[in-house]
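Structural characterization, general
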Amino acid sequence: MRATYDERADTLTIGLKEGVEIVESDEDKAGFILDFDAHDDLVSLEVLDASKRVSKPDRVELEATR
């Protein structure tokens, strides 16, 4: 998994699968783009206007629970 913040475009992209071709993108809710592969699996999520929607788009923390 990889998270990338593009300050110039103000987008936060969270990639769930690497090396997979995106065959369909859907903006189901305004400001959130979902990308899918050929098997209809979610590949990535893009947040538009991220600085307005995410507390700290340039800082990502990952927490794992057991």
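Above this text sits the structure in question.
As a starting point, this report considers the structure included with it.

Conventions adopted
- Residues numbered from 1 in each chain as written.
- Predicted model: local features only at pLDDT ≥ 70, side-chain atom pairs only at ≥ 80, totals over all residues.
- Heavy atoms only, no water.
- Helix = DSSP H or I, 4+ residues; strand = E, 2+ residues; numbered from the N terminus.
- Buried < 20%, exposed > 50% of the residue type's maximum accessible area, 1.4 Å probe, protein only.
- Contact = heavy atoms within 4.5 Å.
- Areas by Shrake-Rupley, 256 points an atom, 1.4 Å probe, with all protein chains shown as cover.
- Lys, Arg positive; Asp, Glu negative; His and termini not counted.
- Charge placed at Lys NZ, Arg CZ, Asp CG, Glu CD.
- Pairing = 2+ DSSP bridges.
- Axes fitted to C-alpha atoms, helices over the stretch in contact; angles between N-to-C directions.

Further remarks concern the overall build of the protein. A tally of regular secondary structure across the protein gives one helix and five strands. Taken from the N to the C terminus, the helices and strands of the protein come in the order β-β-β-β-β-α. Dimensions of the protein, computed from C-alpha atoms along their principal axes, come out at roughly 35 × 30 × 20 Å. Across the 66 residues that make up the protein, the buried fraction comes to 21%. Relative to all contacts within the protein whose residues are 6 or more apart in sequence, the contacts with residues 24 or more apart total 34%. If you sum the accessible surface of the protein, you get close to 5400 Å²; carbon and sulfur atoms cover 45% of it. Here the protein contributes 9 positive and 18 negative side-chain charges, whose respective centroids are spaced 8 Å apart.

If you trace the backbone, Leu45 turns up in strand E5 (residues 42-48). Measuring from C-alpha to C-alpha, the distance between Leu45 and Leu34 comes to 4.8 Å, with 11 residues separating the pair along the chain. With residues near it in sequence (within four places) discarded, Leu45 still touches Leu12, Thr13, Ile14, Phe32, Ile33 and Leu34.

Further remarks concern the sheet that holds strand E1 (residues 2-6). Whether parallel or antiparallel, the strands of a sheet pair through hydrogen bonds between backbone atoms. The strand order E1-E2-E5-E4-E3 describes an open sheet built from five strands, whose pairing is antiparallel. Lying at the two open borders of the sheet, with one neighbouring strand each, are E1 and strand E3 (24-29). The sheet shows a mean angle of 20 degrees between the axes of neighbouring strands, taken without regard to direction.

Before going further, it helps to spend a moment on unusual backbone geometry. One non-glycine residue, Asp10, adopts positive backbone phi at about 55 degrees. Secondary-structure assignment places Asp10 in the loop between E1 and strand E2 (11-15). We classify Asp10 as buried; its relative accessible area is 13%. Phi at Asp40 is positive, roughly 70 degrees, even though this residue is not glycine.

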